[in-house]
Amino acid sequence: ERSDLGIGTLPRSLAQALRPYGDRARALEAALDAGDAALARHLAEQVGKTHQVLTEGPRMGRTEQFTEVHFATDQPEGTILRRQILGTKTCGLLA
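Just so it is clear, the model here is predicted, and its values are computed rather than measured.

Considerations on the environment of T55
Now for step 1: Along the chain, T55 falls in strand β1 (residues 50-57).
Now for step 2: Separated by 15 residues in the primary sequence, T55 and H70 have C-alpha atoms spaced 9.4 Å apart.
Now for step 3: Setting aside its immediate chain neighbours within four residues, T55 contacts M60, G61, F71, Q75, P76, E77, G78, T79 and L81.
Now for step 4: A distance of 2.6 Å separates a polar side-chain atom of T55 from the backbone oxygen of P76.
Now for step 5: A distance of 2.9 Å separates a polar side-chain atom of T55 from the backbone nitrogen of G78.

In structure tokens form, the structure reads like this:
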């Protein structure tokens, strides 16, 4: 079948028309899940290690790999501190 406007073949159903988007959505969801799992592995591997952390705020800094580190107490901003990683949180490390 051709559309009345002459702009291509019409799909037989709405499901057929949306199928490519469904595949993309499933692929995107799988990629996001893989990224979340990789981040969780990376964070877990850091526990117990000591890192140099550049403080960006009183309670937050970043390792040399740019992983966020969160502190329980205020730290001097703009300094490099050597800190042992004590645990993880959803998107970063705890020191």
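Observations concerning the sheet that holds strand β3 (residues 68-70)
In any sheet, the strands associate via hydrogen bonds between backbone groups, in a parallel or an antiparallel arrangement.
Now for step 1: On the basis of which strands lie adjacent, the open sheet formed by 6 strands has the order β4-β1-β2-β3-β6-β5 and mixed pairing. The open sheet is flanked by β4 (80-84) and β5 (87-89), the only strands paired with a single partner. Ignoring which end each strand starts from, the neighbouring axes of this sheet average 40° apart.
Now for step 2: Note: β1 against strand β2 (residues 60-62), 3 bridges, orientation antiparallel.

Let's talk about the side chain of Q75
Now for step 1: With respect to the helices and strands, Q75 occurs in the loop between β3 and β4.
Now for step 2: You can call Q75 buried: its relative accessible area is 14%.
Now for step 3: Of the polar contacts made by the side chain of Q75, one reaches the side chain of R83; its length is 3.0 Å.
Now for step 4: Among all residues touching Q75, those that are not within four sequence positions of it are T55, G57, P58, L81 and R83.

Overview of the environment of T63
Now for step 1: Checked against the element boundaries, T63 lands in the loop between β2 and β3.
Now for step 2: Along the backbone, T63 and L81 are 18 residues apart, and their C-alpha atoms lie at a distance of 9.6 Å.
Now for step 3: Other than its neighbours up to four places away in sequence, T63 contacts H51, Q52, V69 and L93.

Some details on the environment of E56
Now for step 1: Along the polypeptide, E56 turns up in strand β1.
Now for step 2: C-alpha of E56 to C-alpha of Q75: the two residues are 19 residues apart in sequence and 9.5 Å apart in space.

Regarding unusual backbone geometry
Now for step 1: Its identity as a non-glycine residue notwithstanding, F66 has a phi of 70°, on the positive side.
Now for step 2: Looking at the element boundaries, F66 is found in the loop between β2 and β3.
Now for step 3: Since its relative accessible area comes to 64%, F66 is described here as exposed.

Comments concerning the pairing of β1
Two faces make up the sheet, and in a regular strand the side chains alternate between them.
Now for step 1: Pairing of β1 with β4 involves 5 bridges; the strand directions are antiparallel. Within the sheet, the bridge partner assigned to V53 lies in β4 and is L81.
Now for step 2: Count of turn residues in the β1/β2 antiparallel hairpin: 2 residues.

Thresholds applied
- Residues numbered from 1 in each chain as written.
- Predicted model: local features only at pLDDT ≥ 70, side-chain atom pairs only at ≥ 80, totals over all residues.
- Heavy atoms only, no water.
- Helix = DSSP H or I, 4+ residues; strand = E, 2+ residues; numbered from the N terminus.
- Contact = heavy atoms within 4.5 Å.
- Polar contact = N/O pair within 3.5 Å; in protein donor to acceptor, adjacent residues only side chain to side chain.
- Pairing = 2+ DSSP bridges.
- Axes fitted to C-alpha atoms, helices over the stretch in contact; angles between N-to-C directions.
- Buried < 20%, exposed > 50% of the residue type's maximum accessible area, 1.4 Å probe, protein only.

These figures capture arrangement, not role.
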